[in-house]
Amino acid sequence: MSPEASREALDAIVRGEAGLVLASLIATFGDFDLVEDALQDAAASALERWPQDGVPQRPAAWLTVAARRRAIDRLRHRAMHAEKAEALRASEELRRAEIAAREADETVPDERLRLLFTCCHPALPPEARVALTLRALGGLSTEAVARAFLLPVATLAKRLDRAKRKIRDARIPYRVPPESEWAARLDSVLAVLYLIFNEGYSATDAEPAARRSLCEEAIRLTRVLAALVPREGEVHALLALMLLHDARRDARLGADGAFVPLDEQDRSRWRHDELSAGLGALRAAVSCPGRGPYQVQAAVAAAHVVAPSGADTPWRSIAALYAELEALAPSPVVRVNRAVAEGRARGPEAGLALLSALEGGDTASLLAGYQPYHAARADLLRRAGRNEEAVAAYRLALDLCRGEPERRFLAGRLAGIAL
Amino acid sequence: MQYALLFYNPPHTLIPAPEREATIAKMLAEMGAWRDELQRAGVFRTGLRLAPVDAATSLRQEGGDVLVTDGPFAETKEILGGLVVVECADLDEALGWARRCPIVRVGTVEVRPEFGAPR
């Protein structure tokens, strides 16, 4: 193996174990920063030693012992050199850590669930939850997270610091939430994971490798979570949803760089192993009690994917699923998707009728700037043969367009209308 | 560690006049019941219901002088109506109590930890 490739392989191992090690050490030391620094040192040491000594049988245990040693050294240093009050506190921490180290057995306890719930605590700002989760559990460096979100490193570093300070100053507890708070807290975790996935999945020309890593991390972390809480259907369902989307990533854009709708995609470019994994996760979700919004969304994705061809897409079933989703978790985006499906199932006027219900309500003023609404309306008007109105709607949708692939797609549709 | 629970609610003048007295009385009764729960749980440290903002006076140094002005620190839509201080082990415990405060239905409850929380 070439030096770069083996370094990459070792790097992957270290990153894969980082979340587990960090989580367990935070339980011992209670200090995020102390543990992060110690782990970083231990990781650097691993990347030096392992090429010579060989990769240890249990990398997580190796990293834990190395990081723990460094953390204790740091505490010792603090105890000796700090101001009296600080030194007293550091001595106390040191004593506890040394006891814990002596009593620690060989197994690294899996405290990742605690860490994940803490990183996703609703008291933290949403962007901070995302950044913290990627940093702490994804094992991504601050630079890597910044790159993936197209942000300056300094901005992201400040965001992370502020979040860690909030955890400390407000005393956000490091624990898995109790039964009474479980549902709401799990929702928060799933929302963070889905956000990470969507961020990585949204087509953009900048930093494709970094964006890709977001999808991979989101899938990996959701898998970890599914293994830790196997009876939670929505976790399996979210995993299914991510895999079913991700499997189609090579078919999303045409040769001209334009976005390609699902039912027109080149299915030979779909990744079938990932599709199978996604369908398997959906089966796992269905076998759990209850049926939540992610399960319904995953069912929609599955319906698209198991159809033998785009022309065979079961639009009626999909429309029914969106109706179900609307009852569970109503929102303009669900209504728009439902209108599109209904338009394909029962004709464009049926879809337009569903959209017009949005125009009267509280969301009316928000609709003016809501691109998917205009794009869906344009498509329905086009299919209904109401060409002049369709052209107007496409122009509105194009004005609001943020991505080049979507822009090219809409421009193509617009050009195809004969006036 | 202590947490201040600060109550921000819309001014009473926004309640339609015919319902005002009854609405306020109901809220006060519910707040009283909530404070009793805090006492029974042993978490209550202190509390203060504040007079309306019309009764507020603000001081600020400008140039060489301390200026005295009628009114609150800032004109806000929701106004600070009072506060309670509780002793809790962590934020989740404080949030648990705040969630049950009746003010949450009509206004905002801010949960602020005391300064320099020891670990």
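Residues numbered from 1 in each chain as written. Chains lettered and ligands numbered in written order. Predicted model: local features only at pLDDT ≥ 70, side-chain atom pairs only at ≥ 80, totals over all residues.

Trainee: Got a sec to walk through the overall build of chain B? Specific residues and values, please.
Mentor: Helix and strand content of chain B: three helices and six strands. For chain B, the α and β elements follow one another from N to C terminus as β-α-β-β-β-β-α-α-β. When the backbone C-alpha atoms are referred to their principal axes, chain B occupies close to 45 × 45 × 20 Å. By residue count, 16% of the 119 residues in chain B fall in the buried class. A separation of at least 24 residues holds for 74% of the contacts in chain B among residues at least 6 apart in sequence. (Helix = DSSP H or I, 4+ residues; strand = E, 2+ residues; numbered from the N terminus. Buried ≥ 20, exposed ≤ 12 C-beta atoms within 10 Å, placed from the backbone. Contact = placed C-beta atoms within 7 Å.)

Trainee: Let's hear about the overall build of chain A: which residues, and what values?
Mentor: The helix and strand tally for chain A stands at 20 helices and zero strands. Projected onto its principal axes, the C-alpha coordinates of chain A cover approximately 80 × 50 × 45 Å. Considering chain A as a whole, with its 419 residues, one finds that 40% of them fall into the buried category.

Trainee: I'd like a rundown of the interface of chain B and chain A, residues and numbers included.
Mentor: Often, the extent of an interface is quoted as the loss of accessible area on bringing the components together. Opposite the seven residues of chain B that make contact, chain A presents seven residues. Class assignment for the residues of the side of chain B that touches chain A results in four nonpolar, no polar and three charged. (Nonpolar A, V, L, I, M, F, W, Y, C, P; charged D, E, K, R; others polar.)

Trainee: Tell me about helix H5 (residues 112-119) of chain A, residues and numbers included.
Mentor: Burial within H5 of chain A is extensive, with six of its eight residues counted as buried. Arg112, Leu115, Leu116, Phe117, Thr118 and Cys119 of chain A are the residues of H5 of chain A that are buried.

Trainee: Give me the lowdown on the pairing of strand S3 (residues 57-62) of chain B, citing residues and values where you can.
Mentor: Residues and elements named next belong to chain B. With respect to burial, S3 is a largely exposed element, only zero of its six residues being buried. Of the pairings in the sheet, the one linking S3 to strand S4 (residues 65-70) comprises six bridges and is antiparallel in character. Within S4, the position partnered with glutamate 62 by the bridge is aspartate 65. Turn length for the S3-S4 hairpin, with the two strands adjacent in sequence and antiparallel, is two residues, and the turn residue glycine 63 shows positive phi of about 65°. (Pairing = 2+ DSSP bridges.)

Trainee: Outline the domain arrangement of chain A, supporting the account with residue identities and numerical values.
Mentor: Domains assigned within chain A are domain 1 (1-108), domain 2 (111-210) and domain 3 (230-307). For domain 1 of chain A versus domain 3 of chain A, the distance between C-alpha centres works out to 38 Å. (Domains from an automatic or database assignment.)

Trainee: Give a description of the packing of H5 of chain A against helix H6 (residues 126-136) of chain A that names residues and reports values.
Mentor: All names here are of chain A. Interaxial distance between H5 and H6 falls to 8 Å at its minimum, and their mutual angle equals 155°. Put simply, H5 runs roughly antiparallel to H6. Between H5, through Leu115, Leu116 and Cys119, and H6, the contact on the second element is made entirely by Arg129, Leu132, Thr133 and Ala136. Here the contact of H5 with H6 is composed, by residue class, of five nonpolar, one polar and one charged. (Axes fitted to C-alpha atoms, helices over the stretch in contact; angles between N-to-C directions. Parallel < 35°, antiparallel > 145°, perpendicular 65-115°, else oblique.)

Trainee: I'd like to hear about the nonpolar core, residue by residue, with values.
Mentor: Counting residues in hydrophobic clusters, the biggest one holds 128 residues, and the most contacted among them are Val21, Leu22, Val35, Leu39, Ala71, Ala240 and Ala298 of chain A. Beyond its immediate stretch of four places on either side in the chain, leucine 22 of chain A contacts Val35, Leu39, Leu115 and Ala136 of chain A. (Core = buried A, V, L, I, M, F, W, Y, C linked by C-beta atoms within 7 Å.)

Trainee: Describe in detail the sheet that holds strand S1 (residues 2-9) of chain B, supporting the description with residues and values.
Mentor: Residues and elements named next belong to chain B. With antiparallel pairing, the four strands of this open sheet are ordered in space as S2-S5-S1-S6. Each edge of the open sheet carries a strand with a single partner, namely strand S2 (44-49) and strand S6 (108-113). Direction aside, neighbouring strands of the sheet carry axes that sit 20° apart on average. The pairing of S1 with S6 spans six bridges and is classified as antiparallel. Looking at the pairing, tyrosine 8 lines up with threonine 108 of S6. Across the sheet, helix H1 (residues 17-41) touches S2 and strand S5 (79-87), and the angle it forms with S2 is around 160°.

Trainee: With reference to specific residues and values, describe the pairing of S1 of chain B.
Mentor: Here S1 of chain B runs beside S5 of chain B; their pairing, made up of eight bridges, is antiparallel. The partner of alanine 4 of chain B across the bridge, within S5 of chain B, is valine 85 of chain B.

Trainee: Tell me about the environment of alanine 218 of chain A, and name the residues and values.
Mentor: Residue and element names in this part refer to chain A. Within the secondary structure, alanine 218 sits in helix H10 (residues 208-228). Taking the number of C-beta atoms within 10 Å as the measure of exposure, alanine 218 has 27 and is therefore buried. Between the C-alpha atoms of alanine 218 and arginine 114, which are 104 residues apart in sequence, the distance is 17 Å. Once residues lying within four places of it in the same chain are set aside, the contact partners of alanine 218 are Leu193, Ile196, Phe197, Gly200 and Met242.

Trainee: So what's going on with the packing of helix H9 (residues 179-201) of chain A against H10 of chain A? Residues and values would help.
Mentor: All names here are of chain A. One can describe the packing of H9 onto H10 by two numbers: an axis separation of 7 Å at closest approach and a directional angle of 155°. It follows from the interaxial angle that H9 and H10 lie roughly antiparallel. Crossing of H9 against H10: the hand is left-handed. For the pair H9 and H10, the contacting residues are Leu193, Ile196, Phe197, Glu199, Gly200 and Tyr201 in the first and Arg211, Arg212, Leu214, Cys215, Glu217, Ala218, Leu221 and Thr222 in the second. Its residues assigned to classes, the contact of H9 with H10 shows eight nonpolar, two polar and four charged. (Left-handed = near helix turned anticlockwise from the far one by under 90°.)

Trainee: Break down unusual backbone geometry for me, with residues and values.
Mentor: One non-glycine residue, leucine 150 of chain A, adopts positive backbone phi at about 55°. By the element assignment, leucine 150 of chain A lies in the loop between helix H7 (142-148) and helix H8 (153-169).

Trainee: Any chance you could break down H9 of chain A for me, citing the residues and the numbers?
Mentor: Residue and element names in this part refer to chain A. In a regular helix each residue adds 1.5 Å, so 23 residues correspond to 33 Å; H9 covers 33 Å between its end C-alpha atoms and thus fits that length. By the largest-angle criterion, arginine 185 marks the main kink of H9, which is about 25°. Buried within H9 are the following residues: Val189, Leu190, Val192, Leu193, Ile196, Phe197 and Gly200. In this structure, the buried residues of H9 make contact with H5, H6, H7, H10, helix H11 (233-246) and helix H13 (293-306). (Expected span 1.5 Å × (residues − 1). Bend = angle between axes of the 7 residues up to and from the residue.)

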